[in-house]
Amino acid sequence: MTELAPPLEPLAFLLGTWRGRGRGDYPTIESFEYDEEITFSHVGKPFLVYHQRTWDLDGRPLHTEMGYVRPVGTDGAEFVIAQPTGITEIHAGPLDGQTLRLATQSVGVSPTAKEVRAVARTISVDGDTMTYRLDMEAVGQPLQFHLEAELRR
Ligand code: HEM
């Protein structure tokens, strides 16, 4: 077993493989449900590795993303995320107990990606249950709900 880098201890509650179901909506699209698997792992360095995959309820792949979480002292974190849809997100925010509130520092879009201006993510863990909510400002709409999910470790 690789030893956890000490700066990661405040974020250790995220470690593991999480599976569950979520729902999504936005003014420009039909609402939908999805199954999800999220893994937070570490390699002995002071960052977490993040991998997320989703499927529709018939098992067809939907959104997926990968990234890294970087601790900031004992009460904050930064999150770097890359998506195959040509979007990158760089977040920073406070860690309040086992709740991480992330606001966009910058969003990058490739030339053919959809227009996304800002994303806000709140991730919370209570025992072996993870919940999150994601809001976005995209395709000309103001910042508002896109996703929420509940997963179990
Ligand atoms: C659990 C993760 C996610 C799932 C399951 C998901 C699913 C969906 C679905 C089913 C749609 C409608 C069909 C489509 O345009 O493909 C959609 C649209 C969209 N999503 Fe997500 N999404 C996820 C995460 C994200 C994230 C992280 C972002 C941005 C950072 C994002 C941005 C968008 C945008 C910009 C649209 C298009 C809206 C439009 O064109 O009107 N999504 N998403």
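Here is what the cut-offs are and how they apply
- Residues numbered from 1 in each chain as written.
- Predicted model: local features only at pLDDT ≥ 70, side-chain atom pairs only at ≥ 80, totals over all residues.
- Heavy atoms only, no water.
- Donors = N, O, S within 2.8 Å, 3.2 Å for Na, K, Ca; no water.
- Helix = DSSP H or I, 4+ residues; strand = E, 2+ residues; numbered from the N terminus.
- Buried < 20%, exposed > 50% of the residue type's maximum accessible area, 1.4 Å probe, protein only.
- Pairing = 2+ DSSP bridges.
- Near = heavy atom within 4 Å.
- Polar contact = N/O pair within 3.5 Å; in protein donor to acceptor, adjacent residues only side chain to side chain.
- Nonpolar A, V, L, I, M, F, W, Y, C, P; charged D, E, K, R; others polar.

1. Concerning the coordination of the iron atom of the ligand
Protein coordination of the iron atom of the ligand is limited to a single donor, His146 (NE2), positioned at 2.3 Å. Tracing the chain through its elements places histidine 146 in strand β10 (residues 144–152).

2. Observations regarding the pairing of strand β9 (residues 129–138)
Burial of β9 is extensive: seven of the 10 residues sit out of reach of the surface. Note: strand β8 (residues 116–126) against β9, 10 bridges, orientation antiparallel. When the bridges of β9 are listed, aspartate 126 appears paired with threonine 129. Here β9 pairs with β10 via eight bridges, running antiparallel. Each residue of the ladder has a partner; that of arginine 133, found in β10, is glutamate 148. Where β9 hands over to β10, the hairpin turn is made up of five residues, of which valine 139 adopts a positive phi near 35 degrees.

3. Some thoughts on the site of the ligand
Near the ligand, the surroundings consist of 22 residues, among which Thr28, Phe32, Glu89, Lys114 and His146 are the closest. With respect to the ligand, the side chain of lysine 114 contributes an N or O atom lying 2.7 Å from an oxygen atom. Between a nitrogen atom of the ligand and a side-chain N or O atom of histidine 146, the distance comes to 3.1 Å. For the shell around the ligand, the secondary-structure elements that each account for two or more residues are β2 (29–42), β3 (48–55), β4 (61–71), β8, β9 and β10. Grouping the constituent residues of the shell around the ligand by class yields 11 nonpolar, six polar and five charged.

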